[in-house]
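# A closer look at the structure
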Amino acid sequence: NAGVTQTPKFQVLKTGQSMTLQCAQDMNHEYMSWYRQDPGMGLRLIHYSVGAGITDQGEVPNGYNVSRSTTEDFPLRLLSAAPSQTSVYFCASSITTGGGETQYFGPGTRLLVL
Amino acid sequence: GEDVEQSLFLSVREGDSSVINCTYTDSSSTYLYWYKQEPGAGLQLLTYIFSNMDMKQDQRLTVLLNKKDKHLSLRIADTQTGDSAIYFCAESRGTGRRALTFGSGTRLQVQP
């Protein structure tokens, strides 16, 4: 299994540009989520999905859209990039077991908005 | 304010024990987690504890939970230079909400 993969690893955008951050998992996990990580702060939840066709907003959803057409893929779209969206973005998928919610994180996408 | 709080930095000598502390505010938290993040990498789950437990030990890692004080700690025995990383405490708040709420992370520096 490749686990959770994210592309690209690094991206530079100009203010106002749009782009899609890709996330895929091959573990057949129903639950997937996107977080952003900013210096001195923990990860903050942007959007999440409990299964194909179902998405919901997290703590900081403004400026981002998501869709979940398949179990495997959960892309994050920036509609009109702003400098405040400069951050490291992590995708995660998770499975509920007797030991709770085990989340698996991708390696991250580092985004710089000029 | 933050729901999950951690101190920013901890420095220890190689071979000593490290204790990383975390406080949380939501008494409905069901599971509490410790994640490790090495430079330029994603988060790696180290261990977790269910809210009805007081302690959990896993090799060099010991997690202590004081539910009354909403205090969680991670003890790393015989700390090695490879343990240098940022450690995040996180909580989940029941089956209806599977996302995690993270602290801001504690940077552990291990000096040889």
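All residue numbers here refer to positions counted from 1 along the written sequence of the relevant chain. Working convention: letters from A go to chains and numbers from 1 go to ligands, in the order in which they are written. For a predicted model such as this one, the threshold for reporting local features is a pLDDT of at least 70, and the threshold for listing and counting side-chain atom pairs is 80 or more; totals across whole chains, interfaces and linings nevertheless cover every residue. Based on all heavy atoms of the structure, the side-chain values leave hydrogens and waters out of the count.

### Observations regarding the packing of aromatic side chains
Here a pair means two rings of Phe, Tyr or Trp (six-membered ring of Trp) with centres within 6.5 Å. Their orientation is stacked below 30 degrees between planes, edge-to-face above 60, and tilted elsewhere. Within the structure shown, the criterion is met by 13 aromatic pairs over all chains. With a centroid separation of 5.4 Å and 85° between ring planes, the pair formed by F105(A) and Y35(B) is classed as edge-to-face. Pair noted here: F105(A) is in strand 10 (residues 100-105) and Y35(B) is in strand 4 (residues 31-37), and the two residues belong to different chains. Between Y31(B) and Y48(B), the aromatic rings sit 6.3 Å apart at their centres with planes inclined by 65°, giving edge-to-face as the arrangement. Within this pair, whereas Y31(B) is found in strand 4, its partner Y48(B) is found in strand 5 (residues 43-50), the two being separated by 17 residues in sequence. Residue classification places Y31(B) among the buried positions, given a relative accessible area of 15%. For every residue, the accessible area obtained with a 1.4 Å probe (protein chains only) is divided by the maximum for its type, and the residue is called buried under 20%, exposed over 50%, and partly exposed between those limits. Taking the relative accessible area as the measure of exposure, Y48(B) reaches 24% and is therefore partly exposed. Here the aromatic cluster, defined as three or more aromatic residues joined through ring pairs, consists of Y35(A), F105(A), Y31(B), Y33(B), Y35(B), Y48(B), F50(B), F88(B) and F102(B). R68(A) extends its terminal NZ or CZ atom over the ring of F74(A), reaching a point 5.9 Å from the ring centre. Segments assigned H or I by DSSP are reported as helices when at least four residues long, segments assigned E as strands when at least two residues long, and all are numbered from the N terminus. Geometrically, a charge over a ring is one whose NZ (Lys) or CZ (Arg) sits within 6 Å of the ring centre while staying within 35 degrees of the ring normal.

### Looking at the pattern of salt bridges
What makes a salt bridge here is a side-chain nitrogen of Lys or Arg within 4 Å of a carboxyl oxygen of Asp or Glu, nothing more. Within the structure shown, the criterion is met by 5 salt bridges over all chains. In this structure, D38(A) engages R36(A) in a salt bridge whose closest nitrogen and oxygen atoms are separated by 3.0 Å. Comparing D38(A) with R36(A) shows no difference in burial state: the two are buried. Here R60(B) and D83(B) are joined by a salt bridge, their closest N and O atoms 3.0 Å apart. Of this pair, R60(B) sits in the loop between strand 6 (55-58) and strand 7 (61-66) while D83(B) sits in the loop between strand 8 (71-76) and strand 9 (85-92); the two residues are 23 residues apart in sequence, bridging distant segments of the chain. One connected set of salt bridges, linked through shared partners, spans R36(A), D38(A) and R44(A).

### A look at the interface of chain B and chain A
Every residue pair with non-hydrogen atoms within 4.5 Å of one another is taken to be in contact. On the chain A side, the residues contacting the 18 residues of chain B number 21 residues. Note on definitions: buried area is the accessible-area loss of two parts on being combined, 1.4 Å probe, summed for both. Counting the surface lost from both chain B and chain A, the interface buries some 1,600 Å², and carbon and sulfur atoms represent 53% of this. Pairs of N or O atoms within 3.5 Å make up the polar contacts considered here, provided that, within protein, one atom can donate a hydrogen while the other can accept it, and that residues adjacent in sequence are counted only when both atoms are side-chain atoms. Inspection of the chain B/chain A interface yields 2 residue pairs in polar contact (both at pLDDT 80 or more). If you list the elements that add at least two residues to the side of chain B that touches chain A, you get strand 4, strand 5 and strand 10 (100-102) of chain B. At 4 residues, the largest contribution of residues to the side of chain B that touches chain A is made by strand 4 of chain B.

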